[in-house]
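Examining the three-dimensional arrangement
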Amino acid sequence: MKKSIFILAALCLLVSCNKDVVTLKQEENIPEVAEHLLGMTHEEAIQYLQTQRYVFGLESEHSNEYVFSRDFTLSEFSYEAAEMLYYGTYGKDTVRYVVALHRSQSRKSASDLYGKWSHYTAQTTFSGIEMWTGVLSVMISEDPYHGESYSYCEGTLIDEQRKQAEEDYKNGTITEDKYTNLMKIYSSGRKNFWVDYQRAADNETIYSASEHYRNSEATEHPKETEITLYMNNGGKIELRYETHNFVIHWESPERH
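This write-up is about the structure you can find in this document. Computed from a prediction, not measured in an experiment: that's the story for all the values here. (Residues numbered from 1 in each chain as written. Predicted model: local features only at pLDDT ≥ 70, side-chain atom pairs only at ≥ 80, totals over all residues. Heavy atoms only, no water.)

Here we come to the nonpolar core. Judged by nonpolar contacts, the single largest core of 44 residues is most densely connected at Leu37, Leu49, Leu85, Tyr87 and Leu229. When residues in this core are grouped by element, the largest group, six residues, is from helix H4 (residues 107-125). Ignoring anything within four residues of it in the chain, the contact list for leucine 49 reads Val33, Leu37, Tyr54, Phe68, Leu85 and Tyr87. Counting residues in hydrophobic clusters, the runner-up holds ten residues, among them Leu157, Ile158, Leu182 and Met183. (Core = buried A, V, L, I, M, F, W, Y, C linked by side-chain atoms within 4.5 Å. Buried < 20%, exposed > 50% of the residue type's maximum accessible area, 1.4 Å probe, protein only. Helix = DSSP H or I, 4+ residues; strand = E, 2+ residues; numbered from the N terminus. Contact = heavy atoms within 4.5 Å.)

A few words on the packing of aromatic side chains. Summed over all chains, the structure comprises eleven aromatic pairs. Measuring from centroid to centroid gives 4.8 Å for phenylalanine 126 and tyrosine 213, while their planes differ by 25°, and the two rings are stacked. Here phenylalanine 126 is found in the loop between H4 and strand S5 (131-139), whereas its partner tyrosine 213 is found in strand S7 (residues 206-215), with 87 residues between them in sequence. Judged by centre distance (6.1 Å) and plane angle (25°), the rings of phenylalanine 193 and tyrosine 197 are stacked. Separated by four residues within a single helix, phenylalanine 193 and tyrosine 197 lie in helix H7 (residues 190-202), roughly one turn from each other. (Phe/Tyr/Trp six-rings, centres within 6.5 Å; stacked < 30°, edge-to-face > 60°.)

Checked against the element boundaries, serine 111 lands in helix H4. Its relative accessible area of 5% is what places serine 111 among the buried residues. A polar contact is formed between the side chain of serine 111 and the backbone oxygen of lysine 108, at a distance of 3.0 Å. (Polar contact = N/O pair within 3.5 Å; in protein donor to acceptor, adjacent residues only side chain to side chain.)

Turning our attention to the sheet that holds strand S2 (residues 65-70). Read from one edge to the other, the open sheet built from nine strands follows the order S1-S2-S3-S4-S9-S8-S7-S5-S6, with strand pairing classed as antiparallel. Each edge of the sheet is formed by a strand with only one pairing partner; in this case those strands are strand S1 (55-59) and strand S6 (147-154). Between one strand axis and the next, the sheet turns by 15° as a mean value, whatever way the strands run. Bridge count for strand S4 (residues 94-104) against strand S9 (residues 236-244) is eight bridges, and the pairing is antiparallel. Considered in S9, the bridge of serine 104 is made with isoleucine 237. (Pairing = 2+ DSSP bridges. Axes fitted to C-alpha atoms, helices over the stretch in contact; angles between N-to-C directions.)

What follows concerns the environment of leucine 136. Within the secondary structure, leucine 136 sits in strand S5. In this structure, the C-alpha to C-alpha distance between leucine 136 and isoleucine 206, residues 70 residues apart in sequence, is 7.6 Å. In this structure, leucine 136 is in contact with Glu148, Ser149, Tyr150, Tyr152, Phe193, Asp196, Tyr197, Ile206, Ser208 and Ala209, ignoring residues within four places of it in sequence.

The values are spatial; any link to function lies outside them.
Rendered as structure tokens:
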């Protein structure tokens, strides 16, 4: 009897711990597909993308890049499809990076999908993060050029920089104003970003949003991923996902 109660309690705990885990439907799963492609051979990648209903389009003439499209209303490759994806290979013909684009029909569907991608990436792809930065741009009037931008950062490197700033302030190396500004930067993490993002999404004031995830070689698993939402990219509402299993550049949180 006691054993049965223990098992039931364990199951309840497991369910409660996973109730907020984001899962992506096939029509939403660009982040899952992109991450799965990394490290595959070209042949493996084509076979996998076919199971995900992507259609091969062409190979770049000047680089080892391969372009695909996905649209559940189309059976052939099309640049007008709802989704475009390409990947690049290197070395022994393995996928080195993936870039994908999703076009949405409404601001609401775009903001909802970006929210899912953001939480999925944080939970599944980057449960541990060395450096994360986010930017949210919102409109404060009907004029899309009349708005404000907010910056956010988080990660183990941010924690180290916060500790260094605290030491510098105690030692008198930096002024109180400088210290206050740094603490404001270092305290604005992903939770703050998601709260502000959801508020802007509910008010339909998002102009754009982006997140940059980075783990350097020092972590032994270098990786860099970027997610971007454009509410008006040449008249189109688009989400972009780019991922690499290597680091392409460095970005300091103090620039934001």
